[in-house]
Amino acid sequence: MNIPMLDLRAQHATIAAEVESAISAVLQSQQLILGPEVRELERELAEYCSSSEAISCASGSDALLLALMAYGIGQGDEVVSTPYTFFATAGAIVRLGARPVFVDIDPVSFNLNADLLEKAITSRTRAIMPIYLYGQCAEMSDINKIAARHNIPVIEDAAQAIGAEHKGTRAGSLGAIGCFSFYPSKNLGGAGDGGLMTTSDPEIADRLRILRAHGAKKKYYHDVVGLNSRLDSLQAAILRVKFRHLDDWMSARRSNAARYRELFGKTGLLSSGRVSVPQECSGQFHVYNQFVLRVTDRDKLRAQMKEKGIGTEVYYPVPMHLQPCFANLGYKQGDFPESERAANESLAIPIYPELGAEAQRYIVDVISSFYER
Ligand SMILES: *Cc1c(COP(=O)(O)O)cnc(C)c1O
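Quick caveat: nothing in here was measured; it's all calculated off a predicted structure. (Residues numbered from 1 in each chain as written. Predicted model: local features only at pLDDT ≥ 70, side-chain atom pairs only at ≥ 80, totals over all residues. Heavy atoms only, no water.)

**Re the domain arrangement of the protein chain**
Entries for the protein chain in the domain assignment read domain 1 (8–103 + 110–243) and domain 2 (246–372). For domain 1 versus domain 2, the distance between C-alpha centres works out to 25 Å. The junction of domain 1 with domain 2 conceals about 3,300 Å² of combined surface from both sides, 58% of it contributed by carbon and sulfur atoms. If you look at where domain 1 meets domain 2, you find 0 salt bridges. (Domains from an automatic or database assignment. Buried area = accessible area lost by both parts, 1.4 Å probe. Salt bridge = Lys/Arg side-chain N within 4 Å of Asp/Glu carboxyl O.)

Have a look at this one:
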């Protein structure tokens, strides 16, 4: 068998005709930047995320950057986040001259441990950026309570979590601004880069729209210095086609996750402590952008799986506080033990919607026999 980590070609095959006609319509219109397709996508996604407004931009990384810029965050400011994440979150903070203040993760959810949050807040804290890692929201009721007490905005890094819910509220409307990515491997992925911000604050929405267009509300009149960070009409048209399938794909991911739990449950690997499967925490609706195991002997297992034709990925091998580019922040090994442990133990296995039961049985068999040797 040959099972890739993600099979975008299988997915494209199911929607090729729809996508091609959407592309062709945009090319005929020659409305290539922003334009009606982008406005429609923004309207659809604002509604999907239960937000009053959505503002698209060039990438998820830019969404994070623009969100921080909308609050005027820069030199001398602190932003609280977790070290176990994709680079973009901490990168956006540092790009603006602000300082990321890390809080360790909860070992079960991989998300910000809300019990440790209050200690990290100082008089310089200007935002809190929880990450909804692998498709599950952070403990937003606890985080929002603490944020409200200190009057600090919460910016959601929901790049991996479109459609996820916390206590019945969708990602994108759990904080002041929700940031999403259309990177191809995300649950709603484009044919290239793209991003989106959601908010229900009209003033912030206005600021985000200005900031993504070089700081100009009226063309050629610049009130502030912004970015050139717009979504292409072609991307929007493709994303609108894929958006129609998003909930079906999400259900397929959730079914795959349930099947993995059942299959792993039969192996004895869970009770032996060699493997643990991701949990859907209480009050959460997980959308499984990734299905991340914790395993012993990870690198050997990974090599064995590769030999058996199974694609895997390690998210994220080096936590942010140990990245060379952040050495000047003064963190050291041992500062965030749960993030470091996750970095050493995590192994993402295929979870894409088209995966299928047979492939999942094969994957679990290969993992089982590795530990039986
Ligand atoms: C993908 C991702 C981003 C950035 O998205 P891009 O569109 O690739 O810039 C940010 N944060 C997290 C957690 C992500 O997974």
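Past the structure itself, the notes keep going.
**Describing helix α4 (residues 87–95)**
The set of residues buried in α4 consists of Ala88, Thr89, Ala90, Gly91, Ala92 and Ile93. Looking at the buried side of α4, the elements it contacts are α3 (60–70), β2 (78–81), β3 (99–102) and β5 (155–157). Directly beyond the C-terminal end of α4, a positive phi value near 85 degrees is found at Gly97. (Buried < 20%, exposed > 50% of the residue type's maximum accessible area, 1.4 Å probe, protein only. Helix = DSSP H or I, 4+ residues; strand = E, 2+ residues; numbered from the N terminus. Contact = heavy atoms within 4.5 Å.)

**Digging into the packing of helix α2 (residues 35–48) against helix α8 (residues 233–243)**
In the contact formed by α2 and α8, the axes pass within 8 Å of each other and the chain directions differ by 40 degrees. In terms of orientation, α2 and α8 fall into the oblique class. Pair α2 / α8 crosses with left-handed handedness. For the pair α2 and α8, the contacting residues are Glu37, Val38, Glu40, Leu41, Glu44, Leu45 and Tyr48 in the first and Ser233, Ala236, Ala237, Leu239, Arg240 and Phe243 in the second. (Axes fitted to C-alpha atoms, helices over the stretch in contact; angles between N-to-C directions. Parallel < 35°, antiparallel > 145°, perpendicular 65-115°, else oblique. Left-handed = near helix turned anticlockwise from the far one by under 90°.)

**Some details on the side chain of Lys242**
Within the fold, Lys242 resides in helix α8. As a buried residue without a salt bridge, Lys242 has its nearest oppositely charged side chain in Glu354, at a separation of 8.5 Å. Ignoring any residue separated from it by four or fewer positions in sequence, one finds Lys242 in contact with Gln11, Ile15, Leu188, Gly189, Gly190 and Trp249. (Lys, Arg positive; Asp, Glu negative; His and termini not counted.)

**Examining the site of the ligand**
Taken together, 15 residues lie near the ligand, and Gly60, Ser61, Gln160, Ser181 and Lys186 sit nearest. Measuring from an oxygen atom of the ligand, one finds a side-chain N or O atom of Ser61 at 2.5 Å. When residues of the shell around the ligand are assigned to their parent elements, the largest contribution, 3 residues, is made by α3. Looking at side-chain class alone, the shell around the ligand contains 6 nonpolar, 7 polar and 2 charged residues. (Near = heavy atom within 4 Å. Polar contact = N/O pair within 3.5 Å; in protein donor to acceptor, adjacent residues only side chain to side chain. Nonpolar A, V, L, I, M, F, W, Y, C, P; charged D, E, K, R; others polar.)

**Topic: the packing of helix α1 (residues 8–29) against α8**
Running from N to C, α1 and α8 point in directions that differ by 140 degrees, and their axes come no closer than 9 Å. As far as their axial angle goes, α8 and α1 are oblique. Helix-helix and strand crossings are classified by hand; for α1 and α8 the assignment is right-handed. When α1 is examined against α8, the residues Gln11, Ile15, Glu18, Val19, Ala22, Ile23, Val26 and Leu27 are found in contact with a partner set consisting of Ser233, Leu234, Ala237, Ile238, Val241 and Lys242. For the contact of α1 with α8, the class distribution of residues is 10 nonpolar, 2 polar and 2 charged.

**Side note on empty space enclosed by the protein**
Enumeration according to the criterion identifies 3 cavities of 30 Å³ or more in this entry. Space inside the largest cavity adds up to approximately 90 Å³. Lining the largest cavity are 16 residues, and of these Leu6, Leu8, Gln11, Lys186 and Arg253 lie nearest its centre. For the lining of the largest cavity, the secondary-structure elements that each account for two or more residues are α1 and α9 (246–265). In the lining of the largest cavity, the residues fall into 7 nonpolar, 4 polar and 5 charged. Both domain 1 (8–103 + 110–243) and domain 2 (246–372) contribute no fewer than three residues apiece to the lining of the largest cavity. There is about 50 Å³ of room inside the second largest cavity. Surrounding the second largest cavity, Val108, Ser109, Phe110, Leu133, Tyr134, Gln136, Pro278, Gln279, His286, Gln290 and Val292 form its lining. Taken together, the residues of the lining of the second largest cavity break down into 6 nonpolar, 5 polar and no charged. (1 Å grid on protein atoms, 1.4 Å probe; cavity = no way out; pocket = protein on both sides within 12 Å on 5 of 7 lines; lining within 4 Å. Points joined across faces, edges and corners; volume = space filled by probe spheres on them.)

**Focus: the side chain of Thr125**
Relative to the helices and strands, Thr125 is located in strand β4 (residues 125–128). The class for Thr125 is buried, based on a relative accessible area of 8%.

**Quick notes on the sheet that holds strand β15 (residues 346–349)**
Spatially, 3 strands are ordered β12-β14-β15 in an open sheet, and the strand pairing comes out antiparallel. Two strands in the sheet have a free side with no partner beyond their single neighbour: β12 (275–276) and β15. Direction of pairing for strand β14 (residues 291–295) relative to β15: antiparallel, over a ladder of 4 bridges. Paired with Leu293 across the strands is Leu347, a residue of β15. (Pairing = 2+ DSSP bridges.)

**With respect to the pattern of salt bridges**
For the coordinates displayed, the defined rule picks out 21 salt bridges. The shortest N-O distance in the salt bridge between Arg298 and Asp299 comes to 3.0 Å. Given a relative accessible area of 10%, Arg298 falls into the buried group. One continuous salt-bridge network, built from bridges that share partners, spans Glu37, Glu40, Arg43, Glu44 and Arg240.

**Examining the sheet that holds β4**
Paired through backbone hydrogen bonds, the strands of a sheet run either parallel or antiparallel to each other. The 3 strands lie next to each other as β3-β2-β4, forming an open sheet whose pairing is parallel. Among the strands making up the open sheet, the edge pair consists of β3 and β4. Adjacent strand axes in the sheet meet at a mean angle of 30 degrees when their direction is disregarded. Sheet analysis places β2 next to β3, joined by 4 bridges and oriented parallel. Across the sheet, Ser81 pairs through a bridge with Phe102, a residue of β3.

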